[in-house]
Amino acid sequence: RTYAHIPDDQEFNYDNWCAAVVAGRTFLSGGPMVQFSVDGQPIGSTVRISGPGTVEVHASVESIFPLHRLEIVQAGRVVASVQSDKGERKLEIREQLQVDGHTWLAARCGGSGYLAPEAFPGWGDGTELQIGDYFYNNWRRGTYAHTSPIYVACKDDWWMFDVDTARLMLKLVEGGMAYIRETSVQHLPGTTT
C-alpha cells in the first residue's frame, strides 16, 4: 500500500490526497508505519544547505510484525542502520550525516530477511502466514516499508540526473503500459458499473 501524508490543516479528500502524492509525501508499506525527516523537514521536501556539511536525519518505524532492520539510504547506499536480531515492534535512528553535494535520502525497514530472495517466494493465496521468523502478506512478500525521498540541495538548486536510471524508469513505465494494453483484464464498455 502507498500512504500519503495530508497536512493537518487540510481536509481529508481525494484532491488533497492526490496533491500529497504529487508532492512525494508518501511511503509504501507491507505493514510498518514509517516517519522520516531531514533537518525537521518531512518526506517529499527539499532541504537546502549552503554548502557541504551535515544534516540531521530522524527515522522511526512501528509495526505489529517484528522488525529486524531500519536503514537510511543516501543516493542508493545504506549510510546508517539499526538492527535487532530478535525483532522489535519499534525501531528508531537519529544521526548526523555528511552531505558533500546534491543528494537524496530515504528510510526503509523490514522484518527478518526482507531483502533476501527467499522473502519473495511467489504469489500467495490471499492469506497472511508466518514461516519461521518471516511474516508474509497475501503476496508472500516479507514485512517491509520504504519512504519516498527527501532531497538535499547543496548550495544551488537541487539537480541530479543519471542516464541509466532514466532509461530503466522508462522501461518500467513502458512495461506497465504494455501490461495494461495487452495483458490486464479488460471489461467491455457498458458491462461494469
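Residues numbered from 1 in each chain as written. Predicted model: local features only at pLDDT ≥ 70, side-chain atom pairs only at ≥ 80, totals over all residues. Heavy atoms only, no water.

A few words now on helix α2 (residues 163-183). At 3.6 residues per turn, the α-helix brings residues three or four places apart onto the same side. The terminal C-alpha atoms of α2, which comprises 21 residues, lie 29 Å apart, in line with the 30 Å expected from a rise of 1.5 Å per residue. For α2, the N-terminal cap is Asp162; the gap from its side-chain oxygen to the backbone nitrogen of Asp164 is 3.3 Å. (Helix = DSSP H or I, 4+ residues; strand = E, 2+ residues; numbered from the N terminus. Expected span 1.5 Å × (residues − 1). Polar contact = N/O pair within 3.5 Å; in protein donor to acceptor, adjacent residues only side chain to side chain.)

Once that is clear, we can look at the packing of aromatic side chains. Scanning all chains against the criterion turns up two aromatic pairs. Between Tyr3 and Phe27, the aromatic rings sit 5.1 Å apart at their centres with planes inclined by 15 degrees, giving stacked as the arrangement. Of this pair, Tyr3 sits in strand β1 (residues 2-4) while Phe27 sits in strand β2 (residues 26-29), placing them 24 residues apart in sequence. A relative accessible area of 11% means that Phe27 is categorised as buried. Measuring from ring centre to ring centre gives 6.4 Å for Tyr14 and Trp17, while their planes differ by 25 degrees; the resulting arrangement is stacked. (Phe/Tyr/Trp six-rings, centres within 6.5 Å; stacked < 30°, edge-to-face > 60°. Buried < 20%, exposed > 50% of the residue type's maximum accessible area, 1.4 Å probe, protein only.)

Counted according to the given criterion, the structure contains seven salt bridges. Between Asp164 and Arg167 there is a salt bridge; the shortest N-O distance is 3.9 Å. Taken together, the residues Asp164 and Arg167, both in helix α2 and three residues apart, mark about one turn of the helix. Grouping residues by exposure puts Asp164 and Arg167 together as exposed. One salt-bridge network, in which partners are shared between bridges, spans Glu56, Glu92 and Arg94. (Salt bridge = Lys/Arg side-chain N within 4 Å of Asp/Glu carboxyl O.)

For Leu97, the position within the fold is in strand β7 (residues 77-99). Note on Leu97: relative accessible area 6%, which makes it buried. In contact with Leu97, not counting residues within four places along its chain, are Gly53, Thr54, Val55, Val57, Ile72, Val79, Ala80 and Leu105. (Contact = heavy atoms within 4.5 Å.)

Within the element layout of this structure, Ser29 appears in strand β2. Engagement of the side chain of Ser29 in a polar contact is seen with the backbone oxygen of Pro32, the distance being 2.5 Å. Dropping the residues within four chain positions of it, Ser29 is found in contact with Arg1, Tyr3, Tyr144 and Ala145.

Another aspect to go through is the nonpolar core. Formed by 26 residues in total, the largest nonpolar core has its most connected members in Phe36, Val38, Val55, Val57, Ile72 and Leu105. Only β3 (33-38), β5 (46-49), β6 (53-74), β7, β8 (103-110) and β12 (150-154) provide two or more residues apiece to this core. Tallying contributions element by element places β6 first for this core, with seven residues. Apart from the residues within four sequence positions on either side, Ile72 is in contact with Phe36, Val57, Ala59, Arg77, Val78, Val79, Ala80, Ile93, Leu97, Leu105, Ala106 and Ala107. (Core = buried A, V, L, I, M, F, W, Y, C linked by side-chain atoms within 4.5 Å.)

Mapped onto the elements, Ser184 comes out in the segment after α2. Taking the relative accessible area as the measure of exposure, Ser184 reaches 17% and is therefore buried. At a separation of 2.8 Å, a polar atom in the side chain of Ser184 contacts the main-chain carbonyl oxygen of Ile180.

Turning our attention to helix α1 (residues 14-22). For α1, the N-terminal capping position is held by Asn13, with its side-chain oxygen 3.2 Å away from the main-chain nitrogen of Asp15. Gly24 sits one or two positions beyond α1 and adopts a positive phi of about 80 degrees.

It is worth spelling out the confidence of the model for the protein chain at this point. Per-residue confidence for the protein chain gives a mean pLDDT of 85, with 84% of residues at or over 70. Note that pLDDT drops below 50 for residues 117-137; the model gives that stretch 43 contacts with residues more than four away or on any other chain. (pLDDT = per-residue confidence, 0-100.)

As defined by bridge partners, β6 adjoins β7 across 17 bridges and the pair is classed as antiparallel. The residue of β7 that forms the bridge with Ser60 is Glu92. Counting the residues in the hairpin turn of β6 and β7 gives two residues, including Ala75, whose phi is positive at 50 degrees. (Pairing = 2+ DSSP bridges.)

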